[in-house]
Amino acid sequence: MTGSDSPDPKDGDGARPRTRGVARPGRQDWSAWPEYDAAAEGFRGYWYPVTWSSHVTGKPLAIKVCGEKIALIRDGGRAYALHDRCPHRGVPLSLGDQQFPGTLSCPYHGWTYRLNDGRLCAVITDGPESRICGKVTVRTYPVEERLGMVWVYVPLANEEPHSIDSQLPEELVENQFVMGGRMQDRSGNWRFAAENGFDEGHAKYLHRTSMWRMFKPMPTWNITKIVPGGRWIYRVQEEVHWDADFPGVGRWSNKRWWKLQPPKETFNIGNTGKPRKVDPVIEKCDFPGFASLSMPGVLRIVYPNFIHYEFYVPVDADNHRYVGVMINFTEGWKAAGFYVKYLGAIRWLFHGQFTGQDAWMVDVTDAPPEKLYRPDVSLTAWRGLAQDEFAKKKAAAGAK
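- Per an unreviewed UniProt entry, the protein chain goes by the name Rieske 2Fe-2S domain-containing protein and belongs to Actinomadura decatromicini.

Next comes the structure, spelled out in structure tokens:
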């Protein structure tokens, strides 16, 4: 251990190491981004995908987002979300059932709440004339369904939610597409997941062993800049280097004899080389760079013939829900071909082993403190975007 990392012998077990009279290198905290620092359980005031639409039925389903325990249930074809706690004795409403249309009843004493507004409308064990009816309300949450998923809006200050379409990637609102995806609960804070997704440096090294990249080379290092574009920030590659000589160490390369030969040109669609042909919809979007990120943690990775999205859904301070979606802008018989490829290979290679490497790193990340390097401009740019946008959102909502 270095002197700056060595624990002080006077510190108790589990205490953060301290030194006296020794400068500690690197960033010790995230105080430069106070809103981001405080968002361990996520940013309120946004829509979050919480489960697949097919998983929400007439039987209540318990989920958690931004630290909020929520019960989901479907009634009359529509999904509803209520705070998952009966005010009577604190029993989870997700353990209850539906005794009357348009309601959800607590399993303990039959306190029954309307789904549309959370109002207590009957207490089965207190009879039809129960005086407490109408005097108790369970919090409800706005719900929408998009991309085959149920989305819940977690309010910041009891405000009306913005349109969910204004939060989705624009190309998904304006075009027809087919989709394959995977949703998985993972350990690790959602911020580590978002930073990993947009991180400029990790894919070249961490993913070099993935089956998804078996026949395609990855660059060794890049010169990258971050540019804003509307509500997104983009990673733009200015130089791409496939191998390099490291002084006093030796030569290192991601090239292998069995992999395709990399191009000489710099590229910004995909991350393994300049494409021969780009999907017309993707080409029309004219993305500045292949990797982009927007609030509240939506990653977009643009490949020549498909786009991969990741939604990092905060569960609590120690867990997040990973939502990975692959989109192909095609229709008709070609859609069937996409599903065969996705279910037969892509789901397991890409949304399985490839992103499993990311899950591994997110789980073991422990920051701050941290010592950043040049490629981490992607991380600091994202933190700056999150800090500025959420500060404006709080001010607009009048929230403390």
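Read on for the rest.
**Some details on the packing of aromatic side chains**
Phase 1: Taken as a whole and assessed by the stated rule, the structure comprises 15 aromatic pairs.
Phase 2: Between Phe177 and Phe329, the aromatic rings sit 6.5 Å apart at their centres with planes inclined by 80°, giving edge-to-face as the arrangement. Residue Phe177 is found in the loop between α2 (170-174) and β11 (178-187), and its partner Phe329 is found in the loop between β19 (319-328) and α6 (333-364); the two are separated by 152 residues along the sequence.
Phase 3: By relative accessible area, which is 23% here, Phe177 ends up partly exposed.

**Overview of the sheet that holds strand β2 (residues 61-65)**
Phase 1: Taken together, the 4 strands give an open sheet; going across it, the order is β2-β3-β4-β8, and neighbouring strands pair in antiparallel fashion. Both outer strands of the open sheet, β2 and β8 (140-141), are each paired with one neighbouring strand and no more.
Phase 2: As paired elements, strand β3 (residues 68-75) and strand β4 (residues 78-83) share 6 bridges and run antiparallel to each other. In the strand pairing of β4, Leu72 is matched with Ala81.

**Details of empty space enclosed by the protein**
Empty space left among the atoms is revealed by rolling a probe the size of a water molecule over them.
Phase 1: If you walk through the whole model with that rule in mind, you get 3 cavities of 30 Å³ or more.
Phase 2: In this structure, the second largest cavity occupies an estimated 60 Å³ of space.
Phase 3: Lining the second largest cavity are Arg186, Ala193, Asn196, Glu310, Tyr312, His320, Tyr322, Thr355, Asp358, Ala359 and Val362.
Phase 4: With 4 residues, the single largest contributor to the lining of the second largest cavity is α6.
Phase 5: When the residues that make up the lining of the second largest cavity are grouped by side-chain class, the tally is 5 nonpolar, 3 polar and 3 charged.

**Brief notes about the layout of surface pockets**
Phase 1: Computed from the structure, the second largest pocket encloses a volume of approximately 430 Å³.
Phase 2: Lining the second largest pocket are 17 residues, and of these Asn196, Asp199, Thr365, Asp376 and Leu379 sit closest to its centre.
Phase 3: The set of elements that each furnish at least two residues to the lining of the second largest pocket consists of α3 (190-198), α4 (202-206) and α7 (377-397).
Phase 4: When residues of the lining of the second largest pocket are assigned to their parent elements, the largest contribution, 3 residues, is made by α3.
Phase 5: A per-class count over the lining of the second largest pocket returns 8 nonpolar, 4 polar and 5 charged.

**Remarks on the pattern of salt bridges**
Phase 1: Under the counting rule described, the total for this entry stands at 18 salt bridges.
Phase 2: Residue Asp165 is joined to Arg146 by a salt bridge in which the shortest nitrogen-to-oxygen separation is 3.0 Å. Residue Asp165 is found in the loop between β10 (149-154) and α2, and its partner Arg146 is found in strand β9 (residues 143-146); the two are separated by 19 residues along the sequence.
Phase 3: The class for Asp165 is partly exposed, based on a relative accessible area of 30%.
Phase 4: Close ionic contact of Lys225 with Glu238 constitutes a salt bridge, the shortest N to O distance being 3.7 Å. Of the two residues, Lys225 is situated in strand β12 (residues 221-229) and Glu238 in strand β13 (residues 232-241); the sequence distance between them amounts to 13 residues.
Phase 5: On the basis of relative accessibility, which here comes to 43%, the residue Glu238 falls in the partly exposed class.
Phase 6: Counted as one network, the salt bridges with shared partners bring together Glu170, Glu171, Arg231 and Arg300.

**So, α7**
Phase 1: When the terminal C-alpha atoms of α7 are compared, their 30 Å separation across 21 residues agrees well with the 30 Å that a helix rising 1.5 Å per residue should span.
Phase 2: Within the sequence span of α7, burial applies to Ser378, Leu379, Trp382, Arg383, Gly384, Leu385, Ala386, Gln387, Phe390 and Lys394.

**Regarding the sheet that holds strand β5 (residues 103-105)**
Phase 1: If you walk across this open sheet you meet the 3 strands as β5-β6-β7, and the pairing is antiparallel. Single-partner strands in this sheet number two, and they are β5 and β7 (120-123). The average angle at which neighbouring strand axes cross in this sheet is 25°, direction not considered.
Phase 2: Sheet topology note: the β5/strand β6 (residues 111-114) ladder contains 3 bridges and is antiparallel. When the sheet's bridge partners are listed, Leu104 is paired in β6 with Tyr113.

**Digging into the confidence of the model for the protein chain**
Phase 1: Confidence along the protein chain averages 89 in pLDDT terms, with 90% of residues attaining 70 or more.
Phase 2: Taken together, the stretch residues 1-19 has pLDDT below 50 and engages in 22 contacts with residues farther than four places along the chain or on a different chain.

**Notes on the side chain of Glu370**
Phase 1: Among the secondary structure elements, Glu370 is positioned in the loop between α6 and α7.
Phase 2: When near neighbours in sequence (up to four residues on either side) are disregarded, Glu370 contacts Gly26, Arg27, Trp30 and Arg383.

**Focus on the pairing of strand β18 (residues 307-316)**
Phase 1: Of all 10 residues in β18, 10 are buried; the element is thus mostly enclosed.
Phase 2: Here 5 bridges tie strand β17 (residues 298-302) to β18, and the two strands are oriented antiparallel to one another. Note on β18: the bridge partner recorded for Ile301 is His308.
Phase 3: Between β17 and the antiparallel strand that follows it, β18, lie 4 residues.
Phase 4: Bridge count for β18 against β19 is 9 bridges, and the pairing is antiparallel. Across the sheet, His308 pairs through a bridge with Met326, a residue of β19.
Phase 5: Linking β18 to β19, which pair antiparallel, is a turn of 2 residues.

**Considerations on unusual backbone geometry**
Phase 1: Cis rather than trans, the peptide bond between Met295 and Pro296 has omega equal to 5°.
Phase 2: With respect to the helices, strands and loops of the structure, Pro296 is situated in the loop between β16 (291-294) and β17.
Phase 3: Pro368 connects to Pro369 through a cis peptide bond whose omega is 0°.
Phase 4: You will see that Cys66, though not glycine, has its phi angle at about 55°, which is positive.

Here is what the cut-offs are and how they apply
Residues numbered from 1 in each chain as written. Predicted model: local features only at pLDDT ≥ 70, side-chain atom pairs only at ≥ 80, totals over all residues. Heavy atoms only, no water. Phe/Tyr/Trp six-rings, centres within 6.5 Å; stacked < 30°, edge-to-face > 60°. Helix = DSSP H or I, 4+ residues; strand = E, 2+ residues; numbered from the N terminus. Buried < 20%, exposed > 50% of the residue type's maximum accessible area, 1.4 Å probe, protein only. Pairing = 2+ DSSP bridges. 1 Å grid on protein atoms, 1.4 Å probe; cavity = no way out; pocket = protein on both sides within 12 Å on 5 of 7 lines; lining within 4 Å. Points joined across faces, edges and corners; volume = space filled by probe spheres on them. Nonpolar A, V, L, I, M, F, W, Y, C, P; charged D, E, K, R; others polar. Salt bridge = Lys/Arg side-chain N within 4 Å of Asp/Glu carboxyl O. Expected span 1.5 Å × (residues − 1). Axes fitted to C-alpha atoms, helices over the stretch in contact; angles between N-to-C directions. pLDDT = per-residue confidence, 0-100. Contact = heavy atoms within 4.5 Å.

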